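Close look at the chain arrangement
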Amino acid sequence: MVNQYDVLIAGSGVAGLYAALNFEPEVRVLVLSKRELTLNNSFLAQGGVAAVVDKTNDDYRLHIADTLIAGGYKNDLRSLEILVNEGPEDVLRLIKEMGVEFDRDEMMNISMTLEGGHSRRRILHHKDSTGREITQKLLSAAQRKPNIKFMEYTHLASLTPAGGGFWAGLLVNGEHRYVSCSYCILCTGGIGRVYPYTTNSAIATGDGITLAHELGARIKNLHLVQFHPTAFAAAQGRERFLISEAVRGEGAYLLNCNGERFMHNYDERGELAPRDVVSRSIIKEAALTASEDFYLDITHRGEAFIKSRFPMIYARCLEEGVDITRDRIPIFPCQHYLMGGIDVNVYGDTTIDRLYAAGECSHTGVHGLNRLASNSLLEALVFARRCTYDIARRMRHEESGVQTAVPNPPSGRRALEPGHRTTIRRIMQRAWFVIPDYNAVDEGLAEATEILKELRNGDYILTPDYLEAKSLATVCTLLLSEVVKKKANEP
Ligand SMILES: Cc1cc2nc3c(=O)[nH]c(=O)nc-3n(C[C@H](O)[C@H](O)[C@H](O)COP(=O)(O)OP(=O)(O)OC[C@H]3O[C@@H](n4cnc5c(N)ncnc54)[C@H](O)[C@@H]3O)c2cc1C
């Protein structure tokens with residue numbers, strides 16, 4: 001039996017698009033996006049992509065050392081060396097083959113910026129909207145390839161192993177259907193929506209992690225959640241606009257409610273300390289000052305510089321009534337990134353046959369305990385490409401084709417009632433925010449486990465809303481279970 005697609009890729013962010021583009025023209029690829037093609041975290045990335053492309057002022061060893069320091073030396077060294085050594089070539093391909101434009105100086109050299117935790121200027125960026133530039137160029141390139149088919153507003157609802165491939169259950173505009181594929185790459189992004197406030201886009205509900213877990217794949221280090229210290233503290237809305245690390249990199253001061261700089265009281269690197277350090281310092285300073293009012297101040301860099309270096313942040317803050325050339329920017333930490341995920345080897349291969357994962361939903365181990373700024377776009381590029389190497393190699397040697405009949409269609413009858421997501425978010429914020437509350441973990445886990453049981457066995461109609469609620473409950477349960485196990489194993 002011949003499969004309809006050689007490779008199904010769930011996700012149209014940087015990982016999914018770059019994977020699709022790395023297949024040879026005879027490989028039939030289907031790319032799914034559960035909402036519009038450009039609604040994803042990749043599109044939101046501001047600061048840039050870190051890579052040692054100029055060896056006159058930088059060195060691979062320094063990039064590795066900086067990443068190890070940020071990651072508390074808990075990084076997977078083999079994956080990290082691959083990331084840093086191979087990454088520059090992928091970044092240069094973005095420029096040469098996809099037409100990605102990074103900012104350049106008057107001499108037309110790529111102009112690198114600095115971000116917290118980096119010892120050298122090695123961040124390639126496109127103003128302050130690097131993710132948009134990369135994603136748009138990758139998308140246009142992929143849309144020109146006849147072997148790549150896109151399905152927008154199409155939710156990957158299930159994966160059923162079927163011998164030489166999978167039956168993939170898709171929810172397309174409310175209708176369910178199955179397609180067959182020989183290999184699947186999950187590039188479904190992060191889990192931000194499991195928290196009440198996040199910088200992540202609405203798609204970040206941990207679907208790939210849930211699908212992989214349901215197949216029995218190993219999921220690792222979900223408790224390693226990164227909180228960004230400087231999200232715009234808007235009065236309303238779940239999605240918090242990010243004030244990029246690069247703003248501190250360009251000299252912005254972090255101020256408490258009294259207008260005082262305080263970072264040097266917590267870390268000698270001051271404002272340029274890595275994210276986890278800055279986030280924790282803010283929470284401690286909040287307790288000290290009894291106030292959650294915090295600010296970034298970049299006004300001293302002058303209007304011309306600010307407007308040309310941070311046009312998007314400038315315009316976005318102005319919409320919120322803050323002119324960053326004159327005013328301080330109100331900020332507070334919120335969920336930003338997941339270091340853990342579907343455990344993969346250096347080719348993005350999971351513990352399930354023919355199932356791969358890349359990008360934020362995967363766990364390559366490169367980040368260790370804490371991701372260094374601008375390393376995640378690089379990780380998405382490098383390991384998405386490596387998935388395609390392994391799949392191409394296997395395709396040359398392996399027979400493929402689903403060997404079982406099409407599964408039965410889903411048969412749920414009950415409509416989902418609202419409320420599950422809110423409860424899960426409350427549990428996560430209480431138990432596992434910047435400084436965890438271990439007392440709230442056990443209680444939260446018990447509550448989340450009940451919700452998940454109800455969602456799994458409740459005979460619910462398959463809708464995107466239901467699938468996302470189930471994903472959030474799965475992620476919360478897996479994450480808190482990890483914490484409980486870790487606690488039990490501590491001496
Ligand atoms: C505000 C912000 C700023 C950032 N800035 C930077 C930066 O400057 N540098 C850096 O390196 N990193 C940055 N990051 C992190 C980085 O952007 C992400 O880690 C990375 O882009 C993730 O790419 P991805 O392809 O794995 O996932 P995404 O780009 O999030 O794409 C996920 C895709 O999966 C699809 N999907 C999800 N579930 C399903 C499903 N069930 N069925 C079908 N499709 C599904 C979605 O529709 C989407 O297309 C930033 C993140 C945010 C939120």
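Because the structure is a prediction, the values reported are computed rather than measured. (Residues numbered from 1 in each chain as written. Predicted model: local features only at pLDDT ≥ 70, side-chain atom pairs only at ≥ 80, totals over all residues. Heavy atoms only, no water.)

**Points about the packing of aromatic side chains**
Quick reminder of the rule: Only centres within 6.5 Å qualify two rings of Phe, Tyr or Trp (six-membered ring in Trp) as a pair; their planes then separate them into stacked at under 30 degrees, edge-to-face at over 60, and tilted for everything else. The helix and strand labels rest on DSSP assignments: H or I over at least four residues marks a helix, E over at least two residues marks a strand, and numbering proceeds from the N terminus. Only protein chains enter the accessibility calculation, which uses a 1.4 Å probe. A residue is then buried if its area is under 20% of the maximum for its type, exposed if over 50%, and partly exposed in between.
Counted according to the given criterion, the structure contains 7 aromatic pairs. Ring geometry for F294 versus F332: centroids 6.3 Å apart, planes at 45 degrees, classification tilted. Here F332 lies in strand 14 (residues 329-338) and F294 lies in strand 13 (residues 294-297), a separation of 38 residues in the sequence. Both residues of the pair, F294 and F332, belong to the buried class.

**Quick look at the side chain of D103**
To be explicit about the condition: Lys and Arg are tallied as positive, Asp and Glu as negative. Neither His nor the chain termini are counted. Here, a salt bridge means any side-chain nitrogen of Lys or Arg that lies within 4 Å of a carboxyl oxygen of Asp or Glu. Any pair of nitrogen or oxygen atoms within 3.5 Å is treated as a polar contact; in protein, a donor-acceptor pairing is required on top of that, and neighbouring residues in sequence qualify only through side-chain atoms on both sides. Residues are treated as being in contact if the distance between any of their heavy atoms lies within 4.5 Å.
Assignment of secondary structure puts D103 in the loop between helix 4 (77-98) and strand 4 (123-124). The charged side chain of D103 is buried without a salt bridge, its nearest counter-charge being K127 at 4.6 Å. There is a polar contact of 3.0 Å between the side chain of D103 and the backbone nitrogen of K127. Apart from the residues lying within four places of it in its own chain, the contact partners of D103 are N109, I110, S111, H125, H126 and K127.

**Some remarks on the site of the ligand**
Definition in use: The rule for a residue being near a molecule or strand is that one of its heavy atoms must lie within 4 Å of it. The protein chains shown are the only cover counted for residues, whose accessible areas, like all others here, come from Shrake-Rupley with a 1.4 Å probe. Nonpolar residues are Ala, Val, Leu, Ile, Met, Phe, Trp, Tyr, Cys and Pro. Charged residues are Asp, Glu, Lys and Arg, and all others, Gly as well, are polar.
The local shell around the ligand holds 36 residues, among which S42, G48, L156, E360 and S376 are the closest. One of the backbone nitrogen or oxygen atoms of N41 is found 3.0 Å away from an oxygen atom of the ligand. Summarising the interface, the protein chains cover 99% of the accessible area of the ligand, which totals 1000 Å² for the free molecule. Broken down by secondary-structure element, the contributors of at least two residues to the shell around the ligand are helix 1 (14-21), helix 2 (41-44), strand 6 (154-161), strand 14 and helix 11 (376-397). By residue class, the composition of the shell around the ligand is 11 nonpolar, 21 polar and 4 charged.

**Here we look at the domain arrangement of the protein**
The condition is simple: Here the bounds of each domain stem from an automatic or database domain assignment. Summed over both partners, the accessible area lost on bringing two parts together, with a 1.4 Å probe, is the buried area.
Taken as a whole, the protein is organised into domain 1 (5-224 + 339-402), domain 2 (229-336) and domain 3 (420-489). Placing the centre of domain 1 and that of domain 3 at their C-alpha centroids yields a distance of 25 Å. Each partner contributes to the roughly 2100 Å² buried at the junction of domain 1 and domain 3, and carbon and sulfur atoms together form 64% of this total. A salt bridge links E214 to K470; the nearest nitrogen and oxygen atoms lie 2.7 Å apart.

**What about the nonpolar core?**
In plain terms, the rule: Each nonpolar core is a collection of buried residues, namely Ala, Val, Leu, Ile, Met, Phe, Trp, Tyr and Cys, held together in the definition by side-chain atoms within 4.5 Å.
Ranked by internal contacts, the top residues of the largest apolar core, which has 63 residues, are L156 and L186. For this core, the leading source of residues is helix 14 (residues 464-489), giving 11 residues. When residues of this core are sorted by domain, at least three fall in each of domain 1 (5-224 + 339-402) and domain 3 (420-489). If sequence neighbours within four positions are ignored, L156 has contacts with L8, A10, L32, A168, G169, L170, L186 and L211. Counting 54 residues, the second largest nonpolar core, distinct from the first, contains A15, I64, V91 and L139.

**As for the packing of helix 12 (residues 420-431) against helix 14**
For any two helices packed against each other, the geometry is given by the interaxial angle and the distance between the axes. What counts is decided by this rule: Orientation is described by lines fitted to C-alpha atoms, with helices fitted over the stretch in contact, and by angles between N-to-C directions that extend from 0 to 180 degrees. In this scheme, roughly parallel covers angles under 35 degrees and roughly antiparallel covers those over 145, while 65 to 115 is roughly perpendicular and the rest are oblique. Crossings are assigned a handedness: left-handed for a near helix turned anticlockwise from the far helix by less than a right angle, right-handed for a clockwise turn.
For the pair helix 12 and helix 14, interaxial distance at closest approach is 10 Å and the crossing angle is 25 degrees. Between helix 12 and helix 14, the crossing angle belongs to the class labelled roughly parallel. Considering only the axes of helix 12 and helix 14, their crossing is left-handed. Every residue of helix 14 that contacts helix 12 at R421, I424, R425, I427, M428 and A431 is listed here: P464, D465, E468, A469, L472, A473, C476, L479 and L480. Considered class by class, the residues forming the contact of helix 12 with helix 14 number 11 nonpolar, no polar and 4 charged.

**With respect to the sheet that holds strand 10 (residues 219-220)**
Applicable threshold: In short, DSSP must find at least two bridges between two strands for them to pair.
In space, the 3 strands of this open sheet follow the order 10-15-17, with mixed pairing throughout. The two strands at the open ends of the sheet, each matched to only one other strand, are strand 10 and strand 17 (362-363). Taken together, the 2 bridges between strand 15 (residues 341-343) and strand 17 define a ladder with parallel strand orientation. Note that in strand 17 the partner of I342 across the bridge is S362. Across the sheet, helix 6 (residues 207-214) touches strand 10 and strand 15, and the angle it forms with strand 15 is around 40 degrees.

**What to know about helix 8 (residues 275-289)**
Which entries qualify depends on this criterion: Here the expected span of a helix is defined as 1.5 Å times the quantity of residues minus one.
The end-to-end C-alpha separation of helix 8 is 21 Å, in line with the 21 Å expected for 15 residues at 1.5 Å each. Three or more residues of helix 8 are buried, namely R275, V277, V278, S279, S281, I282, E285 and A286. Of the surrounding secondary structure, the elements contacted by the buried residues of helix 8 are strand 11 (225-232), helix 7 (245-249), strand 12 (253-255), strand 13 and strand 14. Just beyond helix 8, the residue with positive phi is A290, at close to 55 degrees.

**Regarding the layout of surface pockets**
Note the following rule: The distinction between a cavity and a pocket rests on a 1 Å grid over the protein atoms alone: a 1.4 Å probe fits inside a cavity but cannot get out, while a pocket stays open yet meets protein on both sides within 12 Å along at least five of seven lines, and a residue with an atom within 4 Å of a point counts as lining. Grid points are joined across faces, edges and corners, and a volume is the space filled by probe spheres set on the points.
Of the volumes computed, that of the second largest pocket is approximately 520 Å³. Forming the walls of the second largest pocket are 25 residues, and the residues nearest its centre are H223, L224, V225, R280 and W432. A breakdown of the residues in the lining of the second largest pocket according to their chemical character gives 14 nonpolar, 6 polar and 5 charged.

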